[in-house]
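Chain by chain, the residues run as shown.
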Amino acid sequence: MKNNSVVIAGGGSTFTPGIVLMLLENLERFPIRQIKFYDNDAERQEVVAKACAVALRERAPEIAFSYTTDKKEAFSDIDFCMAHIRVGKYAMREKDEKIPLKYGVLGQETCGPGGIAYGMRSIGGILEILDAMEKYSPDAWMLNYSNPAAIVAEATRRLRPNSKILNICDMPIDLMEKMASIAGLTSRKEMSVRYYGLNHFGWWSDIRDSKGNDLMPVIKAHVAKHGFAGAASATEQHVEQSWNDTFAKAKDVFALDPDTIPNTYLKYYLFPDYVVEHSDPNHTRANEVMEHREKNVFTACHTIIEKGTAAGGGLEADVHASYIVDLATAIAENTRERMLLIVPNEGAIENFDPEAMVEIPCILGKNGYEKINMGKIPRFQKGLMEQQVAVEKLVVEAWVEGSYKKLWQALTLSKTVPSARIAKLILDDLIDANKGYWPPLS
Ligand code: NAD
Ligand code: G6P
Ligand code: MN
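Here the structure is a predicted model, which means the values were calculated and not measured.

Points about the site of ligand 2
- Of all residues adjacent to ligand 2, which total 14 residues, the nearest are Arg93, Asn147, Asp170, His238 and Arg285.
- Contact distances for ligand 2 include 3.3 Å between an oxygen atom and a side-chain N or O atom of Tyr265.
- For ligand 2, the accessible surface in isolation is 390 Å², of which the surrounding protein chains cover 93%.
- No other element matches helix H12 (residues 285-307), which puts three residues into the shell around ligand 2.

Concerning the pattern of salt bridges
- By the definition in use, this model includes 32 salt bridges.
- Note that Asp77 is salt-bridged to Arg33, the shortest N-O span being 2.8 Å. Residue Asp77 is found in the loop between helix H3 (71-75) and strand S4 (80-83), and its partner Arg33 is found in strand S2 (residues 32-38); the two are separated by 44 residues along the sequence.
- Note that Lys424 and Asp428 form a salt bridge whose closest N and O atoms lie 3.7 Å from each other. Of this pair, Lys424 and Asp428 both sit in helix H16 (residues 420-433), four residues apart, which is roughly one turn of that helix.
- Its relative accessible area of 33% is what places Lys424 among the partly exposed residues.
- Residues participating in the shared-partner salt-bridge network are Arg29, Glu177, Arg188, Lys189, Asp326 and Glu337.

Side note on the nonpolar core
- Core analysis: the largest hydrophobic core is formed by 102 residues, its most contacted members being Leu23, Phe30, Leu143, Ile207 and Ile261.
- Among the nonpolar cores identified, the runner-up in size contains 27 residues, and Ala117, Leu127, Val395 and Ile422 belong to it.

Some details on helix H8 (residues 216-226)
- Buried within H8 we find Met216, Ile219, His222 and Val223. Along H8, the residues classed as buried sweep out an arc of 135° about the axis, all on the same side. Away from its buried face, by an angle of more than 90 degrees, H8 presents the exposed residues Pro217 and Lys225.
- Lining the buried residues of H8 we find helix H7 (171-182), strand S8 (201-209), helix H9 (241-256) and strand S9 (261-262).

Some remarks on the coordination of the manganese ion (ligand 3)
- Those protein atoms acting as donors to the manganese ion (ligand 3) are Cys169 (SG) and His200 (NE2), and they sit at 2.2 to 2.4 Å. Highlighted residues: Cys169 in the loop between strand S6 (165-167) and H7 and His200 in the loop between strand S7 (191-198) and S8, separated in sequence by 31 residues.
- Taking relative accessible area as the criterion, His200 reaches 5% and is therefore assigned buried.

Considering the sheet that holds S7
- What the three strands build is an open sheet, ordered S7-S8-S9; its pairing is antiparallel. Taken across any chain shown, the strands that pair with only one partner, and hence form the sheet edges, are S7 and S9.
- Pairing of S7 with S8 involves eight bridges; the strand directions are antiparallel. In the strand pairing of S8, Arg194 is matched with Asp206.

Remarks on the pairing of strand S5 (residues 141-144)
- Side chains Trp141 and Leu143 of S5 all project onto a buried face; the interleaved residues Met142 and Asn144 project onto the opposite face, where all are buried too.
- Relative to S5, S4 runs parallel, the two being bridged by four bridges. In the strand pairing of S5, Met82 is matched with Leu143.
- When S5 meets S6, the two strands line up parallel, connected through three bridges. Following the sheet pairing, Met142 is matched in S6 by Ile165.
- In this region the chain leaves S5, passes through helix H6 (residues 149-159) and returns to the parallel neighbour S6; the handedness of that crossover is right-handed.

Rules used throughout
Residues numbered from 1 in each chain as written. Chains lettered and ligands numbered in written order. Predicted model: local features only at pLDDT ≥ 70, side-chain atom pairs only at ≥ 80, totals over all residues. Heavy atoms only, no water. Near = heavy atom within 4 Å. Polar contact = N/O pair within 3.5 Å; in protein donor to acceptor, adjacent residues only side chain to side chain. Areas by Shrake-Rupley, 256 points an atom, 1.4 Å probe, with all protein chains shown as cover. Helix = DSSP H or I, 4+ residues; strand = E, 2+ residues; numbered from the N terminus. Salt bridge = Lys/Arg side-chain N within 4 Å of Asp/Glu carboxyl O. Buried < 20%, exposed > 50% of the residue type's maximum accessible area, 1.4 Å probe, protein only. Core = buried A, V, L, I, M, F, W, Y, C linked by side-chain atoms within 4.5 Å. Arc of directions from axis to C-beta. Contact = heavy atoms within 4.5 Å. Donors = N, O, S within 2.8 Å, 3.2 Å for Na, K, Ca; no water. Pairing = 2+ DSSP bridges. Right-handed = clockwise from strand over helix to strand, strands pointing away.

As structure tokens, then:
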């Protein structure tokens, strides 16, 4: 088996410790000789890195470990870059969420105006990392789950069409774990699915067990009553009350098309008024995350550094993030595993824009992915997707061309925004808030 060298970009991320511990639990199938962290915030990264260094020394001293803000050092001699950066960090996420709410529009990390603003910040950050990886390790693969993945993926499709980047999302992973448990299975790996859509904007159209039995009826019966609420999953990530509400709301999203099972993110596009009514404009998800996940992770890191040992806990392996190992192993060891990826459509959804980035099942191996054809999709989904993909493409065009008009059009076209007037008010506030992060627009 190949002995891999991995750089984690966004070394200071709240997800980094969970991913490092998860990697350690998977060394048998994905051997690692070196782990490096890269971040552009030296101070934030150092806390996470020093704690992880303690854990690594205790559990796998044979793995070389280093952390840096220098691109050459970070991206030389690597096989994989696992990327989870958040350009602007939580301070900017908070603005993404609160500015639209001032105008009665929902505030969300990746959907609507907030997601558009985040996209305008992320494109440059991701391109920088991708370029550094290609310069110093031309054969490496970038496994990207930095958000907003839909916009990042469209940007790299357009601007770096030959790059070895794979964009992936963990929402379907958690939902498939839940559906497996609803169907009485122990793992999502016992299911084979058909799924189509955009990132954070898709539907399952078929779910079978390993013998080919149709699991849709039993899963639909649960979702029709409870959404995804009450279904078990190994993830520690989506467990707070706000997530429970999202899982429960999937019941109403499902009612719109009981032939398919929806991704939870569709609630933001199909029930935006409900979301606004249930939002506190002074306390959004960014605040929750800062008060819980960020605080807990950094407190645990400081404790580990002080004590000089990671024994006694504080940091946990992020079990559900093992999908990243599935992806890396598929490439390193040619496992031919079937996974959902965000890829150029090019006919995989027959009646949809060939140049759209779509989320569909793919077979993964040494040479990348092969797409599984999803055939024709129904009018309802197609109509929604056409509107949303136009938003995503306009954002990337606005970034490339520095076009105010295209970004205004993108906001206006978003199903979450009621009018061009409101779109302009939000846009002008977002431009102010994002000085130094967005290219100048005219
Ligand atoms: P975080 O703010 O804790 O961590 C992000 C890190 O990225 C920070 O340390 C920050 O300094 C760093 N960073 C920002 N800009 C950078 C740049 N240009 N170059 C290098 N490093 C940079 O955020 P988090 O909550 O841990 O989330 C990290 C990312 O993972 C986010 O984009 C989030 O949306 C994403 N995420 C994606 C999925 C998915 O399904 N695709 C799931 C979970 C999290
Ligand atoms: C899911 C999505 C991610 C998103 C995350 C937000 O996992 O797939 O793309 O970043 O939720 O979670 P948070 O806890 O930061 O609100
Ligand atoms: Mn996601």
